[in-house]
Structures are given as C-alpha cells and as structure tokens.
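Listed below, chain by chain, are the residues.
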Amino acid sequence: MRRIRTNEAPAHVGERIRLAGWLHNLRDMGKFSFLLLRDGAGTFQVVLDKPAEIVKLKGLQYESVLEVEGVVAKEPRAPGGVELHDCQVAVVSPVIEPLPFEINKKELKPALDIFLNHAPLGLRHPHKRALFRISAEIMAGFREYLSQQGFVEIQSPKIVGSATESGANVFCIDYFGRPAYLAQSPQFYKQMMVGVFERVFEVGPVFRAEKHNTARHTNEYVSLDIEMGFIKDHTDVMAVLTAVLRHIFNRLTKLCAQELELLKVKVPSMGEPIPSLRLPDAQQLIFARQGEDCRGEPDLTPQHEAWLCQYAEQELGSELLFITHYPTSKRPFYTMPDDQDPTLTKGFDLLFRGCEIVTGGQRIHRYDQLLNNASQWGIHPEDIAGYLLAFKYGMPPHGGFAIGLERLLMQLAGLSNLRETTLFPRDLDRLAP
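Computed from a predicted model, the values in this text were never measured in an experiment.

Observations concerning helix H11 (residues 385–392)
Phase 1 of the analysis: Among all positions of H11, only Tyr387, Leu388, Ala390 and Phe391 are buried. Mapping the buried residues of H11 onto a view down its axis gives an arc of 145°, with all of them on the same face.
Phase 2 of the analysis: Along its buried surface, H11 packs onto helix H5 (187–197), helix H10 (367–376) and strand S16 (398–404).
Phase 3 of the analysis: Phi turns positive, to about 95°, at glycine 394, one or two residues after H11.

This is the structure:
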C-alpha cells in the first residue's frame, strides 16, 4: 500500500490508507487511545481500540517513528473533521530515552541555548517547521520574481583569494599551503557577471569573522543578492527591491496562510514607492524630534533605526523605509559617489520594523575611477586583478543589493534573536550541531 501524507488523508474518506510519521502525542482513554501522528506535512488523529495495537506503544517515548494503516472516517470532533479507524500499528524506530524538552506542546519552553544544543529535535516543533517553511518560500519567491524579469541565477565561489572586499573581517583557511578566505559576499563575482548576463542573482551563504555577540548578528548567514546593469542610478535598484519584496509577501500570503496564522505573523502591506530619507535628513529628524544629536555620524545605531521605523509607520504609513546617501567613508570602495556631494554615496539601506535588512546601491563602473578608489582605500590592484579585469574591458552603470534572509524572517515573525531564524547558527561560541 502506497504511503500518503497527512495532508492528503482527508481526500480518502472510506478508504484504507497507510500513514507514517512521528508519535507526536498519545492520550490513553482506557478502552481506546488517541494517537496523534506527525509527518512533514502536518498531524493526523488515529483511534486505537484494539488492545493488541495499543500495547505496541507501551514504553515508547514521543518522537518514535510509526507506520499506521487504517480507514479514513469522518468525525466532526476530530481535528480537521476526519480520523483513522480500524488501525494497525508498526513501530519503525522506537525512542526509549525521554526527550530533553517537550515538543508536542503549543509553545516551546526551553531557553535558546538549550534549544540550539538540541536543534535536530527542537526544529521538529510545528512552530519551527512553519517558520522555516516561510523561509523556504521567501527564497522561492525571490527566485521566481527575478527569473520572470530576465535575471539569471549564478553560484559564485565561497573560497576566495582576496580579503580586501570590504571592512568586515574574514575567515582565513589553508588552501593547499597558501592562504585563502571564506567569501564575505558574492559582490565581486556578481558584478563581473553583469558583463555576461546584465542581470544576475544568487542565493547562498556568506561568512563574516566579526567578533560580535549581538541578537542581530551571526558569522554565517544566507544572502539573497542581485546585480543589474544599464541602470540610471540607485533608485532603479530600489525599485527592483520593492517589486521583489512585494512579490515575496504576496507569495507568502497565498502559499503560507496556515503557517502565518500559526505564528501570528502579519505580512506588511507595501506602498508604492517605499518612502525614502537621505541619511543626513534622517539624522536631522532624529535631532529635531528626539533631541539626540547624531548628525554627521557615518551610520545609524539600532535605536535610531527603530525610531525611524516607528516614524515611518506612524507618519508615512509604511513599515519599510529606505535610508540613502551614506558617507563615502562608510561604504565599500566600489560604491558610486553622489554627483552633487561626493562625500556621500548612492548607497542605501532598507529598514523594516526597526532593523536594517537590506544593503545596496549603485556601483562605480568606470575602470579609472574604480582603480583610484581602490588605492584610496589602501587596496592593492594586484590583489583584485581578476575583479578589475571586468571593468578594464567595459562595464555598464550597474548596481545591486543583498537581503539578509534570516534578518528578514526575524523581523517578519517578530522574533528578537537572529539565532531563532537560523537553522543551525554559527556565532562566536557555537560550531555545532
């Protein structure tokens, strides 16, 4: 008999089917028992009324793997209005040792460190499964929209020979006796590929050897990157980002309704366009409204980002806010300076519910200007010779952005720590599981 999944079972009323999954819950009612079986698609109630079948579960802990055959029957009092009757149970993989914490309750109770130490178990909880289903649909929506717009997906190297891309620290590795590094981003490679396809995107891991230990940083995360050629300026890139996010949010609303409801996630409505503030104007606004003088600072603090998001939601009607024109000193050497004020750049961040989730901007496309900037940043041209080669032989005006997947998910779900939206986090202290 072909195994079917729990979400398919309601379509087989009156038929005998085979389910397989984990023992999620068991209630002994005396003469019969209610077994709740969980698989990757959901849960299904099984009624056991034969002593010979009930005894098979004696001594088993939750999460034991079972196969159950039975007849699907309508029962208005059962979850979903159906349940399994006349059942036979087979124990596939028994669990004898008690679980370190309960995962069949409505809420997960362990502290974050305890949960992460037992992530292979804890991730089975329905809330966690729902969270990472949403994560998967974010990536799928990102790919779907960009493919429809003529972007080509690429995969760039994660072992690189240069550590001079940006100010972030890098992980050094031994590459057959010579130094190499884990890639901080696909930035150089996606720019090179603009010369091939004009429009490219990538979904992949990036590595930052920064010794921070905050709730909004980890040392490995998933970056959703694009780069596009023949743009007017950074506003073209911002328009594509707006369209990408709108498509992702619409997809979540259509395909993840159950998960969104379970997690009480509110998908933001998006205006057109997303409101935008230049960094100097944002800092002046903070000074005028809050009395905090951050004018002239090269970046915003997390507290300032949070306040600006409150301002945008209350007064501009948007949960998202672009901040543009960061100082040249704050942005990488390849960022295009502003035409009117070269001390500022055509770079931007996107803030969402109090946190920066995207960084992007227009890049320098002229070889001589890029070479000069690299020298001013203390970067030796020979260290980035392969990157410069693309510009030496002609590059169009181009720009792009990078979305931090885990940060977007964290803000969307209203969680307080990036480790909660990372499958297996890597930070200063954690290298397992």
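Points about helix H4 (residues 126–148)
Phase 1 of the analysis: Between the first and last C-alpha of H4 there are 32 Å, a value that for 23 residues agrees with the 33 Å anticipated at 1.5 Å per step.
Phase 2 of the analysis: Positive backbone phi, at 85°, marks glycine 150, one or two positions downstream of H4.

A few points about the environment of proline 186
Phase 1 of the analysis: Take proline 186: it is sitting in the loop between strand S9 (178–182) and H5.
Phase 2 of the analysis: Remark: the alpha-carbon pair of proline 186 and valine 160, spanning 26 residues in sequence, is separated by 10 Å.

Focus: the nonpolar core
Phase 1 of the analysis: If you look at the biggest cluster of nonpolar residues, it comprises 53 residues, and the most contacted ones within it are Ile138, Phe142 and Phe401.
Phase 2 of the analysis: In terms of residue count, helix H6 (residues 234–255) provides more of this core than any other element does, 10 residues in total.
Phase 3 of the analysis: By size, the runner-up hydrophobic cluster in this structure holds 19 residues, among which are Leu23, Leu66, Val82 and Cys87.

A word on the environment of histidine 365
Phase 1 of the analysis: Looking at where histidine 365 falls in the secondary structure, it is placed in the loop between strand S15 (355–363) and H10.
Phase 2 of the analysis: Separated by 26 residues in sequence, histidine 365 and phenylalanine 391 place their C-alpha atoms 6.6 Å apart.
Phase 3 of the analysis: Sequence-distant contacts of histidine 365, defined by excluding residues within four places in its chain, comprise Met336, Phe391, Met395, Pro396, Pro397 and His398.

Quick word on the pairing of strand S11 (residues 220–229)
Phase 1 of the analysis: Where burial is concerned, most of S11 is hidden: 7 out of the 10 residues are buried.
Phase 2 of the analysis: Note: strand S10 (residues 199–207) against S11, 9 bridges, orientation antiparallel. Bridged to valine 200 within S11 is glutamate 227.
Phase 3 of the analysis: The sheet contact formed by S11 and S16 spans 7 bridges and is antiparallel.

Topic: the packing of H4 against helix H12 (residues 405–413)
Phase 1 of the analysis: The interhelical angle for the contact between H4 and H12, taken along N-to-C directions, is 125°, at an axis separation of 10 Å. Considering their axes alone, H4 and H12 lie oblique with respect to each other. Crossing angle aside, the handedness with which H4 passes H12 is right-handed. Across the interface between the two elements, Leu131, Ile134, Ser135, Ile138 and Met139 from H4 touch Leu405, Leu408, Leu409, Leu412 and Ala413 from H12.
Phase 2 of the analysis: Its residues assigned to classes, the contact of H4 with H12 comprises 9 nonpolar, 1 polar and no charged.

A word on the sheet that holds strand S14 (residues 347–352)
Phase 1 of the analysis: Taken in spatial order, the 8 strands of this open sheet run S6-S10-S11-S16-S15-S14-S13-S12, and their pairing is mixed. What marks the edges here is a single partner per strand, and that holds for strand S6 (152–153) and strand S12 (276–278).
Phase 2 of the analysis: Packed onto the sheet, H6 meets S11, S12, strand S13 (320–324), S14, S15 and S16 and runs at close to 35° relative to S16.
Phase 3 of the analysis: Its contacts with the sheet place helix H8 (residues 279–290) against S12 and S13, and it is angled at close to 90° to S12.

What to know about the pattern of salt bridges
Phase 1 of the analysis: For the structure shown, the criterion picks out 30 salt bridges.
Phase 2 of the analysis: Glutamate 63 is the salt-bridge partner of arginine 38, the closest N and O atoms lying 2.8 Å from each other. One end of the pair, arginine 38, is in strand S2 (residues 33–39); the other, glutamate 63, is in the loop between helix H1 (51–54) and strand S4 (65–74), and 25 residues separate them in sequence.
Phase 3 of the analysis: The salt bridge partner of aspartate 86 is lysine 50, with a shortest N-O separation of 2.8 Å.

Re a nonpolar patch on the surface
Phase 1 of the analysis: A cluster of nonpolar side chains, namely Ile159, Tyr175 and Phe176, defines an oily patch on the protein surface of about 350 Å² accessible area.
Phase 2 of the analysis: Considering the arrangement of structural elements, one finds tyrosine 175 in strand S8 (residues 172–175).
Phase 3 of the analysis: For tyrosine 175, a relative accessible area of 32% puts it in the partly exposed group.

Procedures and definitions
- Residues numbered from 1 in each chain as written.
- Predicted model: local features only at pLDDT ≥ 70, side-chain atom pairs only at ≥ 80, totals over all residues.
- Heavy atoms only, no water.
- Buried < 20%, exposed > 50% of the residue type's maximum accessible area, 1.4 Å probe, protein only.
- Helix = DSSP H or I, 4+ residues; strand = E, 2+ residues; numbered from the N terminus.
- Arc of directions from axis to C-beta.
- Contact = heavy atoms within 4.5 Å.
- Expected span 1.5 Å × (residues − 1).
- Core = buried A, V, L, I, M, F, W, Y, C linked by side-chain atoms within 4.5 Å.
- Pairing = 2+ DSSP bridges.
- Axes fitted to C-alpha atoms, helices over the stretch in contact; angles between N-to-C directions.
- Parallel < 35°, antiparallel > 145°, perpendicular 65-115°, else oblique.
- Left-handed = near helix turned anticlockwise from the far one by under 90°.
- Nonpolar A, V, L, I, M, F, W, Y, C, P; charged D, E, K, R; others polar.
- Salt bridge = Lys/Arg side-chain N within 4 Å of Asp/Glu carboxyl O.
- Patch = residues over 30% accessible without salt bridge, like charges linked within 9 Å, V, L, I, M, F, W, Y side chains within 5 Å.
- Areas by Shrake-Rupley, 256 points an atom, 1.4 Å probe, with all protein chains shown as cover.

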